[in-house]
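Here's the letter readout for the chains.
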Amino acid sequence: MNLLTDAWIPVQQQGSYQKIGLQQLLCGEASGELCLPRDDMELAGLQLLCAITQVLFTPKDKKELGRFVQQPLTPENYAEACKSKMDWFDLDHPQTPFMQIRGVDAKEPTPMDKLLAGVADGTNKTFVNPPGLGEALCGGCAAIALFNVANNAPSMGGGFKGSLRGSTPITVLIKGNDLRQTLWLNVLTEETAESVMPWYQATNNQRPNYLDTVKAGDKFPASAIGLARGLLWQPAHFELLPAQKTGICSCCGCDEPVYRGFKKAKFNYTVEGVWPHPLSSRTFTVKKGEKEERFPSFTTTAPTWTHLSKLVVDQLDDKQGQQAAPVLQQARTFMTANKIQLIIGGYRNNQATVLERRHEFFSLAQGWAEHGLVIHKIIEGGLAYKTALRKSLFTFVSGALVNPGSKSSRDKISEICGCIEAVYYQQTEHLLHQVFAEVKFAAPDSTLQALNRKLKTVVIDLFEQATTPYRQEPKMLKALALARRSLHKSLKELEPEGAKA
Ligand SMILES: [Zn+2]
């Protein structure tokens, strides 16, 4: 199975499902939207397609990238670009199989479900995943799963190295009008690559680390890793067992040759510093003169919009800052006339256990590139109203409890406040999405005011709902009065200066 020549990309168009090849897609001979039953596999499939496109074609500059976005390739262009890289993308290659190492020393084979993040680990997974998911994987799904584990998922645990971006990074992609455009919009030009990794030219001829392997125990700086090598980085040693001739893929459901197990082995090395992945923003702090960079990830249940500033807005000062993903930095220079659509996803984990997965769409109205401060303000508002609600309920519950300082009372308080916070996020999520998509970034005041009014209504309603059941009890009345006073004081503070009178 070769990812450059076989039909492995599952797409859906007008209700019909088929698998197409990358050549058909890039040459405009076939199209459709990526379609897999697991949203994380779909996202990883898209990332893999972008990575292959980047490795095959790195446009010189914006102009050439624009041409690729507009015009499909010719089959000759495609064949020429693939010529020297066929060995990189063959899942069953006798020496250098895709994202694998031959001769992995493992006593027992591991079942394939271990390659699907979150299926085999943890508890209660039967509620999230249907039974049988991951028993056998076809070539395309196996390739996506290998790539996903190497790039997005927590490591296998127990000494296995995680991805170049750490454990569970947030991935950001730009969405085009169709799948072909989407791939190109997430490819860096040479110009951009040189600006985000000054070592780009010097490392341009490198091959992936499953072809030119790293020595065990090696230590090297992130700047020793070139663009293609980093995009296809395999942090661990995996080897698929030979495929069986036929079977049903437990991920896409197709009847194809399937893989039923793989071998895995720990492998140790040290990468110093952070590799600037094209699809990730980075935050940094400076401590004792040393710059520490990190990739943001979903660490709480707070919705994705609360992270948006970190993902799309640059902020740089001496002590700390954040920088948008290189693909977005690039898009700022030529995608300014229209709104931009983003695909944002990632896992939330507790060590090797996946707790949650996300794969969402966001639209940002025209003007997003120049008005980061507005994005910041919208998020700040959304969070401030949540805090006002939480604070007033805290006042109410702790006032109503006999012994608010005790452990059981504190648990009760945090349970009630956490619950109401989740409902607030649920009820406002659509509203926030709408504001980002429609705000006039150059003159945002009326949108911001309308947003504040709506958030205020939600907060008051939720406060009433949460406290109504206790209103008949006389001993609660004092607590309720105090809580209500706290709420209205907070809400007043959130109103813009002019409206306070
Ligand atoms: Zn499959």
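Residues numbered from 1 in each chain as written. Predicted model: local features only at pLDDT ≥ 70, side-chain atom pairs only at ≥ 80, totals over all residues. Heavy atoms only, no water.

Trainee: Explain the overall build of the protein chain to me, using residue names and the numbers behind them.
Mentor: Counting secondary structure elements, the protein chain contains 15 helices and 17 strands. What you see for the protein chain is a C-alpha radius of gyration of 25 Å, in line with the 23 Å of a compact globule of 501 residues. Overall, the C-alpha framework of the protein chain stretches about 80 × 55 × 50 Å when taken along its three principal axes. Split into buried and exposed, the 501 residues of the protein chain put 52% on the buried side. The contacts in the protein chain between residues at least 6 apart in sequence include a share of 71% that link residues at least 24 apart. Total accessible area on the protein chain stands at roughly 23000 Å², and carbon and sulfur atoms take up 50% of it. Separation of charge centres in the protein chain, based on 56 positive and 50 negative side chains, amounts to 7 Å. (Helix = DSSP H or I, 4+ residues; strand = E, 2+ residues; numbered from the N terminus. Rg over C-alpha atoms; globule rule 2.2 N^0.38 Å. Buried < 20%, exposed > 50% of the residue type's maximum accessible area, 1.4 Å probe, protein only. Contact = heavy atoms within 4.5 Å. Areas by Shrake-Rupley, 256 points an atom, 1.4 Å probe, with all protein chains shown as cover. Lys, Arg positive; Asp, Glu negative; His and termini not counted. Charge placed at Lys NZ, Arg CZ, Asp CG, Glu CD.)

Trainee: I'd love a proper account of the side chain of His277, names of residues and values included.
Mentor: Positionally, His277 belongs in the loop between β11 (270–272) and β12 (282–287). If near-sequence neighbours (up to four positions away) are discounted, His277 is found in contact with Asn151, Arg165, Leu231, Phe295 and Pro326.

Trainee: Tell me about the nonpolar core, and please be specific about residues and values.
Mentor: Residues Leu22, Tyr78, Phe98, Leu342 and Phe436 are the most contacted members of the largest nonpolar core, which totals 154 residues. Leave out the neighbours within four places in its chain, and Leu342 touches Val172, Leu173, Ile174, Val312, Leu328, Glu360, Phe361, Phe362 and Leu364. (Core = buried A, V, L, I, M, F, W, Y, C linked by side-chain atoms within 4.5 Å.)

Trainee: Any chance you could break down the coordination of the zinc ion for me, citing the residues and the numbers?
Mentor: At the metal site, the zinc ion is ligated by Cys138 (SG), Cys141 (SG), Cys249 (SG) and Cys252 (SG), and these contacts range over 2.3 Å. Here the donor residues of the zinc ion share one chain and are spaced in sequence as C-x2-C-x107-C-x2-C. Across the pair, exposure class does not vary: Cys249 and Cys252 are buried alike. (Donors = N, O, S within 2.8 Å, 3.2 Å for Na, K, Ca; no water.)

Trainee: Can you lay out the side chain of Thr283 for me, pointing to particular residues and giving the numbers?
Mentor: Of note, Thr283 is situated in strand β12. With near-sequence residues (within four places) excluded, Thr283 lies in contact with Glu292, Glu293, Arg294, Pro296, Lys310, Gly321 and Gln322.

Trainee: Run through the sheet that holds strand β2 (residues 16–21), naming residues and quoting values.
Mentor: A sheet is described by the order of its strands in space; here three strands give the open sequence β2-β1-β3, paired in antiparallel fashion. Of all the strands in the sheet, the pair left with one neighbour each is β2 and β3 (33–34). Bridge count for strand β1 (residues 7–13) against β2 is six bridges, and the pairing is antiparallel. Residue Gln12 lies in a different strand from β2, and its bridge partner there is Tyr17. (Pairing = 2+ DSSP bridges.)

Trainee: Hey, could you go over the pattern of salt bridges for me, with residue numbers and the actual values?
Mentor: Applying the stated criterion across every chain, the model contains 20 salt bridges. When the shortest N-O distance is used, the salt bridge between Lys219 and Glu272 registers 4.0 Å. Pair noted here: Lys219 is in strand β7 (residues 219–221) and Glu272 is in strand β11, with a separation of 53 residues, a long-range link. Lys219 sits in the exposed class, given a relative accessible area of 59%. Salt bridges sharing common partners tie together Arg38, Asp39, Asp40 and Arg357. (Salt bridge = Lys/Arg side-chain N within 4 Å of Asp/Glu carboxyl O.)

Trainee: Any details on the packing of helix α12 (residues 372–400) against helix α13 (residues 407–438)? Residues and values, ideally.
Mentor: Packed helices, taken two at a time, are described by the angle their axes make and the gap between the axes. At a minimum axis separation of 10 Å, α12 and α13 run at an interaxial angle of 155 degrees. Considering their axes alone, α12 and α13 lie roughly antiparallel with respect to each other. The crossing of α12 and α13 is right-handed. Here the residues of the contact of α12 with α13 sort into 18 nonpolar, three polar and three charged. (Axes fitted to C-alpha atoms, helices over the stretch in contact; angles between N-to-C directions. Parallel < 35°, antiparallel > 145°, perpendicular 65-115°, else oblique. Left-handed = near helix turned anticlockwise from the far one by under 90°. Nonpolar A, V, L, I, M, F, W, Y, C, P; charged D, E, K, R; others polar.)

Trainee: Residues and numbers for helix α3 (residues 62–70), please.
Mentor: Those residues of α3 not exposed but buried are Leu65, Phe68 and Val69. Each buried residue of α3 lies within a common arc of 100 degrees when the element is viewed along its axis, so the set occupies one face. The outward face of α3, more than 90 degrees from its buried face, is lined by the exposed residues Lys63 and Gln70. (Arc of directions from axis to C-beta.)

Trainee: I'd love a proper account of the environment of Cys138, names of residues and values included.
Mentor: Among the structural elements, Cys138 can be located in strand β5 (residues 137–138). With 303 residues separating them in the primary sequence, Cys138 and Phe441 have C-alpha atoms 46 Å apart. Leave out the neighbours within four places in its chain, and Cys138 touches Lys19, Cys249, Cys252, Glu256, Pro257, Val258 and Tyr259.

Trainee: Report on the sheet that holds strand β15 (residues 320–323), specifying residues and quantitative values.
Mentor: Reading across from one edge, β13-β12-β15-β14 is the order of the four strands in this open sheet, with antiparallel pairing throughout. The sheet is open, and its two borders are formed by β13 (290–294) and β14 (315–316), each paired with just one other strand. In this structure, β12 lies alongside β13, joined through five bridges in antiparallel fashion. Looking at β13, one finds that Thr283 is bridged to Arg294.

Trainee: Let's hear about the state of the cysteines: which residues, and what values?
Mentor: Tallying each qualifying case throughout the model produces zero disulfides. Cysteine Cys419 is unpaired, with the sulfur of Cys417 as its nearest cysteine sulfur at 9.8 Å. (Disulfide = S-S within 2.5 Å.)

Trainee: Give a detailed account of the packing of aromatic side chains, specifying residues and quantitative values.
Mentor: The final tally for this structure, using the stated rule, is 14 aromatic pairs. Residues Trp233 and Tyr269 carry aromatic rings whose centres are separated by 5.9 Å and whose planes lie at 70 degrees to one another, so their mutual orientation is edge-to-face. With Trp233 in the loop between α9 (227–231) and β8 (237–240) and Tyr269 in the loop between β10 (261–265) and β11, the pair connects residues that are 36 residues apart, well separated along the chain. When its relative accessible area of 2% is taken as the criterion, Trp233 is described as buried. Between the NZ or CZ atom of Lys291 and the centre of the ring of Phe284, over which it lies, the distance is 4.3 Å. (Phe/Tyr/Trp six-rings, centres within 6.5 Å; stacked < 30°, edge-to-face > 60°. Lys NZ or Arg CZ within 6 Å of the ring centre and 35° of its normal.)

Trainee: Describe the environment of Phe334, listing the residues and the values that go with them.
Mentor: You can see Phe334 is positioned in the loop between α11 (326–331) and β16 (340–350). Separated by 268 residues in the primary sequence, Phe334 and Gly66 place their C-alpha atoms 9.1 Å from one another. Ignoring sequence-local partners within four residues, the contact set of Phe334 consists of Lys62, Leu65 and Leu185.

Trainee: Would you mind going over the packing of α12 against helix α15 (residues 474–494) in detail, with residue names and values included?
Mentor: At a minimum axis separation of 8 Å, α12 and α15 run at an interaxial angle of 165 degrees. In this view, α12 runs roughly antiparallel relative to α15, as classed from their interaxial angle. Seen from above, α12 lies across α15 with right-handed handedness. In contact with Ala384, Tyr385, Ala388, Leu389, Lys391, Ser392, Thr395, Phe396, Gly399 and Ala400 of α12, α15 contributes Met476, Ala479, Leu480, Leu482, Ala483, Ser486, Leu487, Ser490, Leu491 and Leu494. Along the lines of polarity and charge, the residues of the contact of α12 with α15 split into 14 nonpolar, five polar and one charged.

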